[in-house]
Amino acid sequence: MKQFLEIPEQVQFQIVKEGDVLSTGKHALHFVGAQMVHWPEVLVSYDATDKVLFSADAFGTFGALGGNLYADEVNFDREWMYEARRYYTNIVGKYGIQVQNLLKKAATLDIAMICPLHGPIWRQDFGKFIEKYDKWSRYEPEDKEVVVIYGSMYGHTESVATVLAGLLADKGCRNVRMYDVSATHVSYLVSESFRCSHIVLVAPTYNGGLYPPMENYLLDIKAHLLQNRTFTVIENGSWAPVSGNAVKAILGEMKNTTVLEPAVTFKSAMKETQKSELETLADALVTSLK
């Protein structure tokens, strides 16, 4: 607090730790350690009188409340789950082990209400949301679906990504989503990477290396310890395509990742004769999904 604020010396603090109880008379606040969810010093507090868990950043979401204070006053799955996932994956995603520890501690408490620092308050039916946290913190994909993440400087690489997405749809894949790494904030890409089981990376070569926005995205999911995913790599390069190897080098530093072979290489633009390579790749993805 003193690093952020100029606090007068006469202001007094009461320092608490895990296991301490602060009684206010009617209420008794029990402090529970939640280190790295998402700050090193975090404690959540449990009011034993009203059975309320003040959960700090756990179970929070991005987004401002629109007048509805409680999660049961909105369609949370449709209106808030996307931002809840984006919040978790980007803020707490790296600390799956610590989240698992907090979930185990919370399971020992009789909780009637969860009050996070961000987003709606939960007063009923929060078991499903806790299940999401359990899955996210185990780095298990929510959906067996494909997300196509591409970078493109002149549109040719984007065309390849679009053709592949169309082939996947033709072969029965549902909810295939595409994201331009140059135009989409990386927080959304991280969120979708946590959600989906299969990630297609379509990247051009840039200055003898990897296209910077794609590299930034890959380093971000690596920093968030994303694991247990299947990747497919497509590279483009007019003179010396090297982006594929650069992508694989980063993926090789991540846990429990599978890279489907063969990778596909294009030079400048896709030719009609190369469409069969994408067909083969699409078939490999469909097989892997099954």
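Now for a quick tour of the structure. Keep in mind the model is a prediction, meaning the values are calculated, not measured. Position labels on residues start from 1 in each chain and follow its written sequence. Only residues with pLDDT of 70 or above have their local features reported here, since the model is predicted, and side-chain atom pairs are shown and tallied only from 80 upward, although totals for entire chains, interfaces and linings are computed over all residues. To obtain the side-chain values, all non-hydrogen atoms of the structure were included, while hydrogens and water were left out.

### Some thoughts on the pattern of salt bridges
- Definition used for salt bridges: Asp or Glu carboxyl oxygen within 4 Å of a side-chain nitrogen of Lys or Arg. Following the criterion strictly, the structure yields 20 salt bridges and no others.
- The partner of Lys51 in a salt bridge is Asp110, with the nearest N and O atoms 2.8 Å apart. One end of the pair, Lys51, is in the loop between β3 (43-47) and β4 (52-56); the other, Asp110, is in the loop between α3 (96-106) and β5 (113-116), and 59 residues separate them in sequence.
- Accessible area is worked out with a 1.4 Å probe on protein chains only. A residue is then buried under 20% of its type maximum, exposed over 50%, and partly exposed in between. A residue is classified by how much of its surface remains accessible, and Lys51, at 33% relative accessible area, is partly exposed.
- The partly exposed category is assigned to Asp110, whose relative accessible area is 44%.
- Where Arg123 meets Glu73, a salt bridge forms, and the shortest distance between an N and an O atom there is 4.0 Å. Taken as a pair, Arg123 in the loop between β5 and α4 (127-137) and Glu73 in the loop between β4 and α1 (76-79) lie far apart in primary sequence, 50 residues in all.
- Classification of Glu73 by relative accessible area gives partly exposed; the value is 38%.
- One network of salt bridges, with partners in common, ties together Asp143, Glu145, Arg177, Glu192 and Arg195. Only DSSP runs of H or I with at least four residues qualify as helices, and only runs of E with at least two residues qualify as strands; both kinds are numbered from the N terminus onward.

### Focus: the sheet that holds β3
- What makes two strands pair is DSSP finding at least two bridges between them. Pairing in this open sheet of five strands is mixed, and the strands run β1-β2-β3-β4-β5 from one edge to the other. If you trace the sheet from one side to the other, it starts and ends with β1 (21-23) and β5, each paired once. Within the sheet, the average angular offset between the axes of one strand and its neighbour, ignoring direction, is 25°.
- Pairing analysis gives five bridges linking strand β2 (residues 28-33) to β3, with the strands arranged antiparallel. Residue pairing across strands places His30 opposite Tyr46, the latter belonging to β3. To get an axis, a line is fitted to the C-alpha atoms, and for a helix only the part in contact is used. The angle between two axes follows their N-to-C directions and goes from 0 to 180 degrees.

### Remarks on the packing of helix α7 (residues 212-223) against helix α8 (residues 243-251)
- Interaxial distance between α7 and α8 falls to 10 Å at its minimum, and their mutual angle equals 15°. When the interaxial angle is binned, α7 and α8 end up roughly parallel. Of the two elements, α7 crosses α8, and the hand of that crossing is right-handed. The segment α7 lies against α8, with Glu215, Leu218, Leu219 and Lys222 engaging Val247, Ile250 and Leu251. An angle below 35 degrees is treated as roughly parallel, one above 145 as roughly antiparallel, one from 65 to 115 as roughly perpendicular, and anything else as oblique. By the definition used in this description, the sense in which the near helix is turned from the far one sets the handedness, with an anticlockwise turn below a right angle giving left-handed and a clockwise turn giving right-handed. Should any heavy atoms of two residues lie within 4.5 Å, those residues are counted as being in contact.

### Observations concerning the packing of aromatic side chains
- Aromatic rings from Phe, Tyr and Trp, taking only the six-membered ring of Trp, are treated as a pair when their centres fall within 6.5 Å; an angle between ring planes under 30 degrees marks them as stacked, one over 60 as edge-to-face, and anything in between as tilted. This structure, assessed with the given rule, holds 14 aromatic pairs.
- Between the aromatic rings of Tyr88 and Tyr133, the centroid separation amounts to 4.9 Å while the plane-to-plane angle is 70°, which identifies the pairing as edge-to-face. Of this pair, Tyr88 sits in helix α2 (residues 81-92) while Tyr133 sits in helix α4, placing them 45 residues apart in sequence. We note that Tyr88, like Tyr133, is buried.
- Relative to Tyr133, the ring of Phe129 lies with its centre 5.5 Å away and its plane at 80°, an arrangement referred to as edge-to-face. Of this pair, Phe129 and Tyr133 both sit in helix α4, four residues apart, which is roughly one turn of the helix.
- Residue class for Tyr133 comes out buried when judged on its relative accessible area of 1%.
- What links up through ring pairs into an aromatic cluster is the set Phe59, Phe76, Tyr88, Trp122, Phe129, Tyr133 and Trp136.
- In this scheme, the term charge over a ring applies when either NZ of a lysine or CZ of an arginine sits within 6 Å of the ring centre and within 35 degrees of the ring normal. Of note, Arg86 hangs over the ring of Tyr188, and the distance from its end group to the ring centre comes to 4.2 Å.

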